[in-house]
Amino acid sequence: MRILVIGTGAREHALVRALATGSDGPHELHAAPGNPGIAAHATLHPVTATDGAAVAALATELGADLVVVGPEAPLVAGVADAVRDAGIACFGPGAEAAALEGSKAFAKEVMAAAGVPTAMAHVCTTAQEVEAALDAFGAPHVVKDDGLAAGKGVVVTSDRDEALAHALACLRSRSDAGSVGDAGRPDGGGPEPTVVVEEYLDGPEVSLFCLTDGASVVPLAPAQDAKRALDGDQGPNTGGMGAYSPLPWAPPGLVEEVVTRIAQPTVDEMARRGTPFAGVLYVGLALTSRGTRVVEFNARFGDPETQVVLARLATPLAGVLHAAATGRLADLPPLRWRDEAAVTVVVAAHGYPGDVRSGDPVGGIEAAQATGAQVLHAGTRTSDDGALVASGGRVLSVVGTGPDLAAARDAAYAGVDAVTLPGSHHRRDIALAAASGQVAP
Ligand code: AMP
Ligand code: GLY
């Protein structure tokens, strides 16, 4: 197959690597805009990921059999619609379905209609409503920016003043930006800026990626993401500092429960609304003392969880994504998994998740690969003099595999320790609690 992957991150590098190494190949791979790591497997094209007309034109010119859209911004911008309108199969939901991620208020509305268990929430438009909601739920407080915020729009805090300040900042920035309300909504959003205040969910989190063609649902293996910047789950929320799979502590039957009670009803509700969701429904869960609850939906693969899930998938990826993009998931034989654990550790640039310093030299990649680790590029670019430099907050995602989580951790950290990036930081405790049996649902 001739496949075009859209995006620039380590998730897209993992997708391209899996497509390149699948036993159903070889495939002809292209990426736009891609990154220097992806260039090892795919031809890069300097096309803006969110420009639907340009992506569709490139796919047409290449004669692509399949376009795979990685990140949320192009999906919310309608890039998958543009590709499908050009008559080319596309893995990823159209703009109206991607609003499940683009608007937290819309996602809550769909969950309510589908009977999906999630945190109770108030969608607020004024400071008075925010204060009333904070007091109704009590501490710890959870305040969410309603639109896309790259995983950084959520504040979880026991400090009421901090929660209120974040809510007011969200309301202000949405009205300043002129983006009235939740602009990711299919109806273009309401007339006012909104912020979501919700009930705190206790218990460990799970990310479960559910592939769907708009009707059938095929779950991948669950993973867990480390969202906070610092060891011990301290510091601010980030896009994700590491991940691991499998989850030895997960209750048996979890995946079936999530498909039956959450993913399938959501997919059915989207189809009923005439906006079928095809692609991957990322179900972010909390296993609370009162049962399994949805923390969030995303309309795309998670980053960095994809890096560990695909490291364990034995079935060739191309056929799976093509089946989801063409309404044939029900015909797919059961997925096969390697009996291995995988751990990924994100190497972040100085300052991440705050003001990031760009341009620092990235070294040691060959040495890291020589340890057996996979080094996936996230925020790197080639400078004018040909050197590899940091160009984003999350710079590399180093993946280790092994017979169990402890061995996979050792493999990932051997790779990380060979990498050099001045001022960088990474967590040392990815999968540590799970490897030592200290996570309980
Ligand atoms: P989201 O962008 O909705 O995934 O939120 C980012 C992170 O904030 C989640 O992965 C959780 O760690 C945390 N979070 C979000 N909602 C809640 C909640 N209701 N209760 C506790 N933590 C939450
Ligand atoms: N790792 C969290 C996300 O992809 O949203």
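Here, the structure is the one placed above.
Residues numbered from 1 in each chain as written. Chains lettered and ligands numbered in written order. Predicted model: local features only at pLDDT ≥ 70, side-chain atom pairs only at ≥ 80, totals over all residues. Heavy atoms only, no water.

**What to know about the pattern of salt bridges**
This model, assessed by the stated rule, comprises 21 salt bridges. Note that R300 and E72 form a salt bridge whose closest N and O atoms lie 3.0 Å from each other. One end of the pair, R300, is in the loop between β17 (291-298) and α10 (305-312); the other, E72, is in helix α3 (residues 72-76), and 228 residues separate them in sequence. The same class applies to R300 and to E72, which are both buried. The shortest N-O distance in the salt bridge between K108 and E198 comes to 3.2 Å. You can see K108 sitting in helix α6 (residues 104-114) and its partner E198 sitting in strand β9 (residues 195-198), a full 90 residues away along the chain. Take K108 and E198: they sit in the same class, and that class is buried. Salt bridges linked by common partners bring E109, E269, R272 and R273 together as one network. (Salt bridge = Lys/Arg side-chain N within 4 Å of Asp/Glu carboxyl O. Helix = DSSP H or I, 4+ residues; strand = E, 2+ residues; numbered from the N terminus. Buried < 20%, exposed > 50% of the residue type's maximum accessible area, 1.4 Å probe, protein only.)

**What to know about the pairing of β17**
By the criterion of burial, β17 is predominantly enclosed, with six of the eight residues buried. Pairing of strand β16 (residues 279-288) with β17, which is carried by seven bridges, proceeds in the antiparallel orientation. Bridging across to β17, Y282 finds its partner in N298. The hairpin turn running from β16 into β17, its antiparallel successor, is two residues long. (Pairing = 2+ DSSP bridges.)

**So, the site of ligand 1**
Among the 14 residues in the neighbourhood of ligand 1, the closest are listed as E198, L201, E205, K227 and E296. Here an oxygen atom of ligand 1 and a side-chain polar atom of K104 are 3.2 Å apart. Here ligand 1 has 470 Å² of accessible area as a free molecule, and 93% of this is covered by the chains. For the shell around ligand 1, the elements supplying multiple residues, two or more each, are β7 (141-145), β8 (154-157) and β17. Looking at the shell around ligand 1 residue by residue, the class counts come to six nonpolar, one polar and seven charged. (Near = heavy atom within 4 Å. Polar contact = N/O pair within 3.5 Å; in protein donor to acceptor, adjacent residues only side chain to side chain. Areas by Shrake-Rupley, 256 points an atom, 1.4 Å probe, with all protein chains shown as cover. Nonpolar A, V, L, I, M, F, W, Y, C, P; charged D, E, K, R; others polar.)

**Points about the site of ligand 2**
Residues in close proximity to ligand 2 include D225, K227, G239, Y282, N298, R300, G302, D303, P304 and E305, which together make up its full environment. Within the backbone of G239, a nitrogen or oxygen atom sits 3.2 Å from a nitrogen atom of ligand 2. Isolated, ligand 2 exposes 200 Å² of accessible area, and the fraction of that covered by the protein chains is 93%. By residue class, the composition of the shell around ligand 2 is two nonpolar, three polar and five charged.

**Remarks on the sheet that holds strand β15 (residues 242-245)**
Taken together, the five strands give an open sheet; going across it, the order is β12-β15-β18-β22-β19, and neighbouring strands pair in antiparallel fashion. The sheet is open, and its two borders are formed by β12 (224-225) and β19 (374-377), each paired with just one other strand. In this structure, β15 lies alongside strand β18 (residues 341-348), joined through four bridges in antiparallel fashion. Bridge assignment links Y244 to a residue of β18, and that residue is V343.

**Comments concerning the pairing of strand β22 (residues 394-402)**
Counting buried positions over the nine residues of β22 gives eight, a clear majority of the element. Here eight bridges tie β18 to β22, and the two strands are oriented antiparallel to one another. Residue pairing for β22: A348 is matched across the bridge by R394. Two strands pair when backbone bridges link them, and β19 and β22 are joined in this way by four bridges, in the antiparallel orientation. When the sheet's bridge partners are listed, V375 is paired in β22 with V398.

**Re the packing of helix α1 (residues 10-21) against α10**
Across the interface, α1 lies against α10 with an axial gap of 8 Å and an inter-helix angle of 15°. Classified by the angle between their axes, α1 and α10 sit roughly parallel to one another. The two elements α1 and α10 meet at a crossing, and its hand is left-handed. Facing α1, whose interface residues are A10, R11, A14, L15 and A18, α10 presents T306, Q307 and L310. When its residues are assigned to classes, the contact of α1 with α10 shows five nonpolar, two polar and one charged. (Axes fitted to C-alpha atoms, helices over the stretch in contact; angles between N-to-C directions. Parallel < 35°, antiparallel > 145°, perpendicular 65-115°, else oblique. Left-handed = near helix turned anticlockwise from the far one by under 90°. Contact = heavy atoms within 4.5 Å.)

**Brief notes about the environment of V116**
Examined against the element boundaries, V116 turns out to sit in the loop between α6 and β6 (121-124). Apart from residues no more than four positions distant in its own chain, V116 is found in contact with M111, R261, I262, P265, T266, V294 and F297.

**What to know about the packing of aromatic side chains**
Taken as a whole and judged by the stated rule, the model has three aromatic pairs. Put simply, the rings of F91, F209, Y282 and F301 touch in pairs and so form one group of aromatic residues. (Phe/Tyr/Trp six-rings, centres within 6.5 Å; stacked < 30°, edge-to-face > 60°.)

**A few points about the side chain of T380**
As for its placement among the helices and strands, T380 is situated in strand β20 (residues 380-382). Within the structure, the side chain of T380 is placed 2.9 Å from the side chain of H377, a separation counted as a polar contact.

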